[in-house]
Amino acid sequence: MLRRSLRPLAVFVMMFLVLGGTPYGIEEIVPMSGPGMAIVVVVAMALFWAAPYALIVSELVSAMPLEGGLYPWFRVSVGPFWSFVFSYVDWLTWIMDSCLYPPLMAAYLLSFFTSGSSRWGLWAVCLIIIWVLTWLNVRGIDVVGRFSVGISVVVAIPLLIIVIRGWSRMSLAHLTPLVPDGVPVGTAMSHAIIWCMWTYSGYDAPANASEEIVEPEHNYPRLLALFLPLSILAHVLPLMCGLAVTPNWQGWKTAHFERVALALGGTGLAGLTALSCQFAGLGLFNGELLINSRRPYAMARDGLLPEFLARLHPLYQTPHVCLILQAVLYSVLTFFLTFAQLLTVSTWMSLPTYLLIFATPVLLRLKHPELRGRFRIPGGWPGLLFTAFCPSLLALYVLFHVEVEDMKLGLGLIALGPLLYLAAKWARRLSPHSFAVPRSH
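Owing to the predicted nature of the structure, the values given are computational and were not obtained by experimental measurement.

A. Broad picture of the overall build of the protein chain. Within the protein chain one finds 15 helices and 0 strands. Against the globule reference of 22 Å for 441 residues, the protein chain gives a C-alpha radius of gyration of 21 Å, in line with a compact fold. In terms of its C-alpha atoms, the protein chain occupies a principal-axis envelope of roughly 60 × 50 × 45 Å. Within the protein chain, the fraction of its 441 residues that count as buried is 57%.

B. Spotlight on unusual backbone geometry. With an omega of 0°, the peptide bond between T176 and P177 qualifies as cis. Looking at the secondary structure, you find P177 in the loop between α8 (141-166) and α9 (185-199). We note that E215 has phi near 45°; this positive angle belongs to a residue other than glycine. Positioned with a positive phi, Q317 is a non-glycine residue whose angle comes to about 55°.

C. Local environment of the packing of aromatic side chains. Scanning all chains against the criterion turns up 18 aromatic pairs. Aromatic side chains W49 and F358 sit 5.4 Å apart centroid to centroid with 90° between the ring planes, which places their arrangement in the edge-to-face category. With a gap of 309 residues between them, W49 in helix α3 (residues 35-63) and F358 in helix α13 (residues 339-367) connect regions that are remote in the sequence. Comparing W49 with F358 shows no difference in burial state: the two are buried. Among the aromatic residues, ring-to-ring pairing joins F12, W49, Y53, Y203, F227, Y354 and F358 into one connected group. The ring centre of W381 lies 5.9 Å from the NZ or CZ of R365, which sits over that ring.

D. Helix α11 (residues 257-301), seen in detail. The terminal C-alpha atoms of α11 lie 44 Å apart, and with 45 residues this falls more than 12% below the ideal 66 Å at 1.5 Å per residue. Its maximal kink placed at G265, α11 deviates by approximately 145°. The first or second residue beyond α11 is G303, which carries a positive phi of 90°.

E. Looking closely at the environment of A263. Structurally, A263 is set in helix α11. Residue classification places A263 among the partly exposed positions, given a relative accessible area of 42%. Put simply, A263 and P80 are 183 residues apart on the chain and 55 Å apart in space, counted from C-alpha to C-alpha.

F. Expanded view of the pattern of salt bridges. A full pass over the atoms with the stated rule returns 7 salt bridges. Where R294 meets E67, a salt bridge forms, and the shortest distance between an N and an O atom there is 3.8 Å. Placement of the pair is R294 in helix α11 and E67 in the loop between α3 and α4 (70-78), with a sequence separation of 227 residues. Here R294 and E67 have matching classes, each one buried.

G. A look at the nonpolar core. Ranked by size, the top nonpolar core spans 127 residues in total, and within it M45, W49, M197, Y200, Y203 and F285 carry the most contacts. Take this core: its biggest share by element is 16 residues, from α3. Among residues more than four places away in sequence, those in contact with M197 are M45, W49, L351, Y354, L394, A395 and V398.

H. Quick peek at a nonpolar patch on the surface. Together, W131, I324, V328, V332 and F336 give the surface a local cluster of nonpolar side chains, amounting to about 450 Å² of exposed area. Sort the elements by how many residues they give to the nonpolar patch and helix α12 (residues 320-336) lands first, with 4 residues. With respect to the helices, strands and loops of the structure, V328 is situated in helix α12.

I. Looking closely at the confidence of the model for the protein chain. For the protein chain, mean pLDDT is 87; residues scoring 70 or higher make up 91% of the total. Considering each helix and strand of the protein chain separately, the mean pLDDT is smallest for helix α15 (residues 404-428), with a value of 73, and largest for α3, with 95. Per-residue pLDDT stays below 50 along residues 430-441; that stretch engages in 32 contacts with residues further than four places along the chain or on separate chains.

J. Expanded view of the packing of α3 against helix α14 (residues 380-399). Put simply, α3 and α14 touch, their axes get as near as 8 Å, and they point 120° apart. By the angle between their axes, α3 is oblique relative to α14. Of the two elements, α3 crosses α14, and the hand of that crossing is left-handed. Facing α3, whose interface residues are M45, F48, W49, P52, L55 and I56, α14 presents T387, A388, C390, P391, L394 and A395. Residues that form the contact of α3 with α14 fall into these classes: 11 nonpolar, 1 polar and no charged.

K. Representation of the packing of α3 against helix α10 (residues 216-245). Closest axis-to-axis distance for the α3/α10 pair is 9 Å, and the angle between their directions is 175°. Taken together, the axes of α3 and α10 lie roughly antiparallel to each other. Along the lines of polarity and charge, the residues of the contact of α3 with α10 split into 21 nonpolar, 3 polar and 1 charged.

Parameters and conventions
- Residues numbered from 1 in each chain as written.
- Predicted model: local features only at pLDDT ≥ 70, side-chain atom pairs only at ≥ 80, totals over all residues.
- Heavy atoms only, no water.
- Helix = DSSP H or I, 4+ residues; strand = E, 2+ residues; numbered from the N terminus.
- Rg over C-alpha atoms; globule rule 2.2 N^0.38 Å.
- Buried < 20%, exposed > 50% of the residue type's maximum accessible area, 1.4 Å probe, protein only.
- Phe/Tyr/Trp six-rings, centres within 6.5 Å; stacked < 30°, edge-to-face > 60°.
- Lys NZ or Arg CZ within 6 Å of the ring centre and 35° of its normal.
- Expected span 1.5 Å × (residues − 1).
- Bend = angle between axes of the 7 residues up to and from the residue.
- Salt bridge = Lys/Arg side-chain N within 4 Å of Asp/Glu carboxyl O.
- Core = buried A, V, L, I, M, F, W, Y, C linked by side-chain atoms within 4.5 Å.
- Contact = heavy atoms within 4.5 Å.
- Patch = residues over 30% accessible without salt bridge, like charges linked within 9 Å, V, L, I, M, F, W, Y side chains within 5 Å.
- Areas by Shrake-Rupley, 256 points an atom, 1.4 Å probe, with all protein chains shown as cover.
- pLDDT = per-residue confidence, 0-100.
- Axes fitted to C-alpha atoms, helices over the stretch in contact; angles between N-to-C directions.
- Parallel < 35°, antiparallel > 145°, perpendicular 65-115°, else oblique.
- Left-handed = near helix turned anticlockwise from the far one by under 90°.
- Nonpolar A, V, L, I, M, F, W, Y, C, P; charged D, E, K, R; others polar.

Next up, the structure:
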């Protein structure tokens, strides 16, 4: 039986590390979109994407605090076939997203010792990162929680110092121009929207471990309500400080916050910021290992995947089979796919799942009006429909602005979903069966 030992502090830290609680990565958006547009879109997306997304997830977790997160929500709302397909697609996007971080950390670590690294050397360090953190996850969710708390301290300290030291220099005057010269407003806005959609995402992810969280139906909505404003401030304030201290925004590149730290606190703060960035990647990957393993475990426990995936470690009571197979998959993908391929495909593939997540509370209220948790989106049906409409419109906008060339690999992977479902049904002679809807709280 799974252990319910993930306490609110550990869940909040996991949100901070996994759900975009740091500004690392925003640097490249500034020269592409312009300083003004970057700030405007970061704030606007928080209001029209992140906040509705968090409200929808809060209602779903409160009503159905079950292992596997969106899988049981989809199972009740659209049935076993579509829940399998969309859960598979969402799981695959998280797998590809997770594969972004070991190569980045490996390249950074090797840069300390050599000016050039072979592909095999980078992959060897990737394997060490993947399997050491997999071992930590096998040891138990409480171990992962304590490890995440320690990492978050290292990540947060330099960001706090940057904001404190740069506070007096911040000014709205540094937000001009709105967009770079010669760049259409629509193009600049699209770049910023796509980035913000990526960083303000995954609010349902820690809910994959709902049955291991202490009182998830109460704590999860409260923690999201606390995390969301902190996440906005953690992006806007360091960005404002950076624009004030290093106003040459056209030259911003990846890891530019290290230069901001250098200007505000010298080499000591710059080094601490560089360490913070790498620890953020470590914490993110560690959290995603846990999150990604719970989906196939829940589906196997429900009979939609082979039974051996639902086995728990005899000592630590963790889904160790899922974790080990997942580590094997990471090991292969980090060798064969590039960073750009992983990022493009995972971002595009996540959009259909977003649309179903936003529709799910509407479907559940229609099909199961008795399914009600402690938290519900206020305003009745008008409040729910408006909350679901805003992020759905943004997801559709991005969906129809993706280059066809970037969709090919994603479409091929999505097409495997129905085939995998039919294969599982044939192999185990499954038949669609009703899913037990939990009683309303």
